[in-house]
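# Analysis of the macromolecular model
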There are 2 protein chains.
Amino acid sequence: MQDNENKQKQDQLIDKFGSYFGSIGFQPIAGRIIGLLSVSDCEELSFDEITSRLQISKGSASVVLRRLVAEGRVAVVTVEGGRRHYYRLKQQNLFEVLDEFERMCDSVRGLLNTTIDLKADKKSSNARYFYQIINTIDKYKTNMAAMRQAVQTA
Amino acid sequence: MQDNENKQKQDQLIDKFGSYFGSIGFQPIAGRIIGLLSVSDCEELSFDEITSRLQISKGSASVVLRRLVAEGRVAVVTVEGGRRHYYRLKQQNLFEVLDEFERMCDSVRGLLNTTIDLKADKKSSNARYFYQIINTIDKYKTNMAAMRQAVQTA
DNA sequence: ATTTTTGTTCAATCGCGATTAAACAAATCA
DNA sequence: TGATTTGTTTAATCGCGATTGAACAAAAAT
């Protein structure tokens with residue numbers, strides 16, 4: 001009973017992980033695998049445990065796990081002598097998400113600069129708006145750099 | 001010649017806007033419309049100018065524009081006496097993107113908290129990892145609050 | 001009143017990633 | 001060696017949002 005209830009709560013959480021990772025561009029199954037590895041009390045699960053717990057085909061699991069391993073999100077643990085593969089959540093650099101966000105900011109900044117360059121009237125309403133955005137991005141990046149430094153030295 | 005070259009550059013930029021907005025969950029056409037309204041020297045374009053410049057069906061344009069207007073990304077300008085609708089880029093609150101990012105942080109934070117709650121061993125490797133992430137999120141939010149204040153009073 | 005312009009609605013299609021099933025390969029066991 | 005477990009590969013399918021085309025509606029022009 002207790003166990004069953006716990007499992008249900010875990011399943012709900014796994015789905016929430018799934019939709020979160022789905023929202024940032026992961027395949028649904030990839031998100032749910034990360035969810036399972038995050039939620040499970042046992043931190044190393046076999047291929048078989050993953051497919052049966054998530055009720056997914058071996059094919060899906062194989063493809064998605066390979067990708068997750070290649071991306072460095074999941075680690076494979078091969079126990080000596082055994083033939084099974086075990087998978088565990090790989091801990092990420094905590095600033096990785098911020099890195100990606102800043103890269104996105106950079107690309108937007110570049111895009112806006114090019115856009116302004118191409119404009120006949122650099123003082124037009126939109127051009128001024130774009131200048132403002134560029135400015136805000138710059139402030140944000142300065143701020144983030146300071147924060148990283150603070151965390152590093154802490 | 002000059003004109004044609006300029007138009008090509010604009011088209012490239014419009015596609016870049018398109019793929020950027022696509023990457024953050026917009027329909028391709030929505031992204032390209034925003035791109036056109038951003039890049040165009042004329043800041044108010046009619047329905048017809050949009051469909052013909054982007055080579056899209058009236059149906060698509062109608063649906064997508066309605067949505068963009070509903071979301072507050074595009075404004076409709078109806079000139080007195082005329083029957084045409086004109087569309088212009090609506091300038092956003094510059095912190096809107098950050099707002100969304102912070103909301104996402106909040107939801108992740110909640111998810112991780114729930115996950116830790118459910119764990120048998122709160123000192124497990126993953127649990128400790130999740131605590132670290134929560135901590136970093138908190139630092140980030142504190143920092144952002146300070147930055148906003150600074151921008152407000154500037 | 002009729003025609004033209006302007007835009008909307010909606011059924012049908014298109015494209016594409018996600019997923020599966022089943023055949024296949026490789027390693028271990030008996 | 002033959003049987004079993006463990007995972008991979010790939011062709012086919014599924015699902016779903018994006019897009020179109022064509023019929024339709026509303027307003028203005030003639």
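In short, a report on the structure. No experiment lies behind these values; they were computed from the predicted model shown.

Bringing the sheet that holds strand β3 (residues 85–89) of chain A into the picture now. Residues and elements named next belong to chain A. Sheet architecture is open: 3 strands sit in the order β1-β3-β2, paired in antiparallel fashion. Either end of the sheet is taken by a strand with one partner, and the two such strands are β1 (45–46) and β2 (74–78). Examined bridge by bridge, β2 and β3 share 5 bridges and lie antiparallel to one another. Counted as the bridge partner of valine 77 is tyrosine 86 from β3.

The subject of this paragraph is the sheet that holds strand β2 (residues 74–78) of chain B. In spatial order, the strands read β1-β3-β2 (chain B); together these 3 strands make up an open sheet with antiparallel pairing. Looking at which strands have only one partner, the edges of the open sheet turn out to be β1 (45–46) and β2 of chain B.

Take the protein's contact with DNA strand C next. If you check the shell around DNA strand C, you find 16 residues, and the closest are A:Ser60, B:Lys58, B:Ser62, B:Arg66 and B:His85. Looking at DNA strand C alone, sugar and phosphate atoms form 72% of those within 4 Å of the protein. Measuring from a phosphate oxygen of DNA strand C, one finds a side-chain N or O atom of B:Arg84 at 2.9 Å. Contacts to DNA strand C include B:His85, whose backbone N or O atom sits 2.5 Å from a phosphate oxygen. Put simply, the parts of the chain that give the surface near DNA strand C at least two residues each are α2 (28–39) and α4 (58–70) of chain A together with α4 (58–70) of chain B. Take the surface near DNA strand C: its biggest share by element is 4 residues, from α4(B). Counted by class, the surface near DNA strand C contains 4 nonpolar, 7 polar and 5 charged residues.

Attention shifts here to the packing of helix α5 (residues 96–118) of chain A against helix α5 (residues 96–118) of chain B. For the pair α5(A) and α5(B), the least separation of the axes is 13 Å and the interaxial angle reads 160°. By the angle class used here, α5(A) and α5(B) are roughly antiparallel. The way α5(A) lies across α5(B) gives a crossing that is right-handed. Here A:Val97, A:Leu98 and A:Phe101 of α5(A) lie close against α5(B), whose contacting residues are B:Val97, B:Leu98 and B:Phe101. The residue makeup of the contact of α5(A) with α5(B), split by class, is 6 nonpolar, no polar and no charged.

On to the protein's contact with DNA strand D, then. Surrounding DNA strand D, one finds 16 residues, the nearest of these being A:Lys58, A:Ser62, A:Arg66, A:His85 and B:Ser60. Among all atoms of DNA strand D positioned within 4 Å of the protein, those belonging to sugar or phosphate total 73%. Within the side chain of A:Arg84, a nitrogen or oxygen atom sits 2.9 Å from a phosphate oxygen of DNA strand D. At 3.2 Å, a backbone N or O of B:Ser57 approaches a phosphate oxygen of DNA strand D. Residue assignment for the surface near DNA strand D shows that the elements contributing at least two residues are α4 of chain A together with α2 (28–39) and α4 of chain B. At 4 residues, the largest contribution of residues to the surface near DNA strand D is made by α4(A). Split into classes, the residues belonging to the surface near DNA strand D amount to 4 nonpolar, 7 polar and 5 charged.

As a further point, take the pattern of salt bridges. Residue and element names in this part refer to chain A. Counted according to the given criterion, the structure contains 22 salt bridges over all chains. Across the salt bridge formed by arginine 88 and glutamate 44, the nearest N and O atoms sit 3.4 Å from each other. Taken together, the residues arginine 88 in strand β3 and glutamate 44 in the loop between α2 and β1 connect sequence positions 44 residues apart. Given the relative accessible area of 22%, arginine 88 is considered partly exposed. Salt bridges here are not isolated pairs; linked through shared partners, they connect Lys7, Asp11 and Arg53.

Residue and element names in this part refer to chain A. Structurally, isoleucine 14 is set in helix α1 (residues 2–23). With relative accessibility at 1%, the residue isoleucine 14 sits in the buried group. The sequence separation of isoleucine 14 and arginine 67 amounts to 53 residues, and the corresponding C-alpha distance is 19 Å. With near-sequence residues (within four places) excluded, isoleucine 14 lies in contact with Arg32, Gly35, Leu36, Val39, Arg53 and Leu54.

The next thing to look at is the packing of α1(A) against α2(A). Residue and element names in this part refer to chain A. At a closest axis distance of 7 Å, the pairing of α1 and α2 adopts a crossing angle of 135°. When the axes of α1 and α2 are compared, the pair comes out oblique. Crossing angle aside, the handedness with which α1 passes α2 is right-handed. Residues Gln10, Leu13, Ile14, Asp15, Phe17, Gly18 and Phe21 of α1 lie in contact with α2, whose contacting residues are Pro28, Gly31, Arg32, Ile34, Gly35, Leu36, Ser38 and Val39. The class makeup of the residues in the contact of α1 with α2 is 8 nonpolar, 5 polar and 2 charged.

Parameters and conventions
- In this convention, every chain numbers its residues from 1, walking through the sequence in written order.
- Whichever chain is written first is A, and whichever ligand is written first is 1; the rest continue in order.
- A pLDDT threshold of at least 70 governs which residues receive local features in this predicted model, and a stricter bar of 80 or more applies before side-chain atom pairs are shown or counted, although totals over entire chains, interfaces and linings include all residues.
- No hydrogens and no water enter the side-chain calculation; it runs on all heavy atoms of the structure.
- Following DSSP output, two strands are said to pair if at least two bridges run between them.
- To qualify as a helix, a DSSP run of H or I must reach at least 4 residues; to qualify as a strand, a run of E must reach at least 2; elements of each kind are numbered from the N terminus.
- Think of it this way: one heavy atom of a residue within 4 Å of a molecule or strand is enough to make that residue near it.
- The term polar contact refers here to a pair of N or O atoms within 3.5 Å; inside protein, the definition further demands a hydrogen-donor-capable atom paired with an acceptor-capable atom, and it admits residues adjacent in sequence only when both atoms are side-chain atoms.
- Only Asp, Glu, Lys and Arg are considered charged, only Ala, Val, Leu, Ile, Met, Phe, Trp, Tyr, Cys and Pro nonpolar, and every remaining residue, Gly among them, polar.
- Simply put, an axis is a line fit to the C-alpha atoms, just over the touching stretch for a helix, and the angle between two N-to-C directions goes from 0 to 180 degrees.
- Our angle categories are set so that under 35 degrees counts as roughly parallel, over 145 as roughly antiparallel, 65 to 115 as roughly perpendicular, and the remainder as oblique.
- Left-handed is the label given to a crossing in which the near helix is rotated counterclockwise from the far helix by less than a right angle, and right-handed is the label when the rotation is clockwise.
- The criterion used for residue contact is that any of the two residues' heavy atoms lie within 4.5 Å.
- Should a side-chain nitrogen of Lys or Arg be within 4 Å of a carboxyl oxygen of Asp or Glu, the pair is scored as a salt bridge.
- Per-residue accessibility, obtained with a 1.4 Å probe over protein chains only, is compared with the maximum for each type, and a residue is labelled buried under 20%, exposed over 50%, and partly exposed between these values.

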